[in-house]
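Residue strings, one per chain:
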Amino acid sequence: MPLSLASASPARAFPDAKRSLAGLTRAELADALRSIDTPEREIRMRVAQLWHWIYFRGARDFADMSNISKALRAVLAERFTLALPEIVAEQVSTDGTRKWLLRLDPIDAQDKGAEIECVYIPESDRGTLCVSSQVGCTLNCSFCHTGTQRLVRNLTSREIVSQLLVARFRLGDFPGLARPTDGLVPSGEDVRAVSNIVFMGMGEPLYNLEHVENAIEVMSDGDGLSLSKRRITVSTSGVVPQIERLGAECGPMLAISLHAVRDELRDELVPLNKKYPIRQLLEACRDYPGVSNARRITFEYVMLKGVNDSPAEARELVRLLKGIPAKINLIPFNPWPGAPYECSDWETIERFSDIVFDAGYASPVRTPRGRDILAACGQLKSETEKLRARARLAVE
Ligand code: SAH
Ligand code: SF4
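Residues numbered from 1 in each chain as written. Chains lettered and ligands numbered in written order. Predicted model: local features only at pLDDT ≥ 70, side-chain atom pairs only at ≥ 80, totals over all residues. Heavy atoms only, no water.

J.: Is there a simple way to think about the site of ligand 2 in this case?
T.: Near ligand 2 the following residues occur: Cys137, Leu139, Asn140, Cys141, Cys144, Gly147, Gly203, Glu204 and Ser237. Considered class by class, the residues forming the shell around ligand 2 number four nonpolar, four polar and one charged. (Near = heavy atom within 4 Å. Nonpolar A, V, L, I, M, F, W, Y, C, P; charged D, E, K, R; others polar.)

In structure tokens form, the structure reads like this:
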């Protein structure tokens, strides 16, 4: 699969760089308008206008904002941009899955612009965007490649929202844009290219709760991007105290990375379990505000050969989840170089899945998507780094 590397453009100068308004919350847009001396009585109306242009129409240029006066458009263009993170690399799988490596703006004079991943998974009736909430992750789950990356910082809500904006532009998912023809992108009058969001990219979203919640509010705002919160899923490794807050303050769908049914094993796979063991975690799920049979919690379970994949563990999983409105997602392990695990055999996954299915959970195995480009979570970043190193060697 060809992987194109865009030529490295120099990071924008800091701190003179203009701020981008694309991805901001209403409150942040109001502050930006105040900073250019917009009269207080106009702020609400101006925010509504910018909101409509940025999030509903997908404007790329202040000049297009025809209901805003020419004078104000000129000031906006002088002080701000509508820039989005640059796509440093894009891979398109034969099944239409797309993986993007995005370069963020530098946050200070030392920062060269961090890179994050974002994956788009099309299906016939939906398109799911998997977004990152942090650069890297502090949690070191033993089977996850992201946890091995050194650089870690929280993304701002603007950086989270901008992943959706980049995807929608790239997929021609704003008025007047055409869908790409090189991959399977769902089409049809009322099917959006991006209809669902999952926070399953890099990072632990509940360690960056405020920005994740603000981003969800922007993504779900009915006057703009308009994605229902029922189509936005936050996945957590189990930050128990933040689960209740997420439900009460914001209310998206919840996914729990369970991966083991005994504390001893989960302590090893998901070290956060030592702080918040399985019993506490499941209690928080039972109490998740808004949970019901119509709003089930997804339990993710990565299939690791000979580690957590026995029939007894499948039966225990079903027993543990009794009474919680739940869906179960069995994820074939994505290997990465040096990973201490292998993916369970297909027969073992089937046997596990049959037990879960017989207990009343529908179609629990997540079909691996984009296998040809997505050898593992966190892989595009390292593959791109390798390619870049090779490119450097070639010119030296
Ligand atoms: N930090 C959050 C969200 C990001 S990880 C969390 O842990 O839930 C998203 C999902 O990918 C999690 O269920 C995680 O356990 C899973 N995952 C990580 N590495 C994986 C791998 N190599 N193979 C399969 N699933 C993996
Ligand atoms: Fe972090 Fe999630 Fe990976 Fe664990 S699985 S290291 S919490 S990104």
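J.: Just to check I follow, could you spell out the pairing of strand β4 (residues 86-92) for this structure?
T.: Look at any regular strand and the pattern is simple: side chains alternate between the two faces of the sheet. Counted residue by residue, β4 has five buried out of seven residues, so it is predominantly covered. Here β4 pairs with strand β5 (residues 98-103) via six bridges, running antiparallel. Looking at the pairing, Glu86 lines up with Arg103 of β5. The hairpin formed by β4 and β5 contains five residues between the paired strands, and Gly96 there has a positive phi angle of roughly 90 degrees. (Buried < 20%, exposed > 50% of the residue type's maximum accessible area, 1.4 Å probe, protein only. Helix = DSSP H or I, 4+ residues; strand = E, 2+ residues; numbered from the N terminus. Pairing = 2+ DSSP bridges.)

J.: Sorry, what's going on with the pattern of salt bridges here?
T.: Two side chains bearing opposite charge may form a pair once their charged atoms approach each other closely. Overall, the coordinates contain 24 salt bridges when judged by the stated rule. Ionic contacts of the salt-bridge type, sharing partners, join the residues Arg26, Asp221 and Asp223 into one network. (Salt bridge = Lys/Arg side-chain N within 4 Å of Asp/Glu carboxyl O.)

J.: Explain the nonpolar core to me, please; I cannot follow it from the model alone.
T.: Counting residues in hydrophobic clusters, the biggest one holds 110 residues, and the most contacted among them are Leu21, Leu50, Leu129, Ile197 and Phe299. Three or more residues apiece are contributed to this core by two domains, here domain 1 (19-81) and domain 2 (86-390). Residue contacts for Leu129: discarding those within four places in its chain leaves Trp100, Cys118, Val119, Tyr120, Gln163, Leu164, Ala167, Val194, Asn196, Ile197 and Val198. (Core = buried A, V, L, I, M, F, W, Y, C linked by side-chain atoms within 4.5 Å. Domains from an automatic or database assignment. Contact = heavy atoms within 4.5 Å.)

Purely spatial values, then, with no claim about function.
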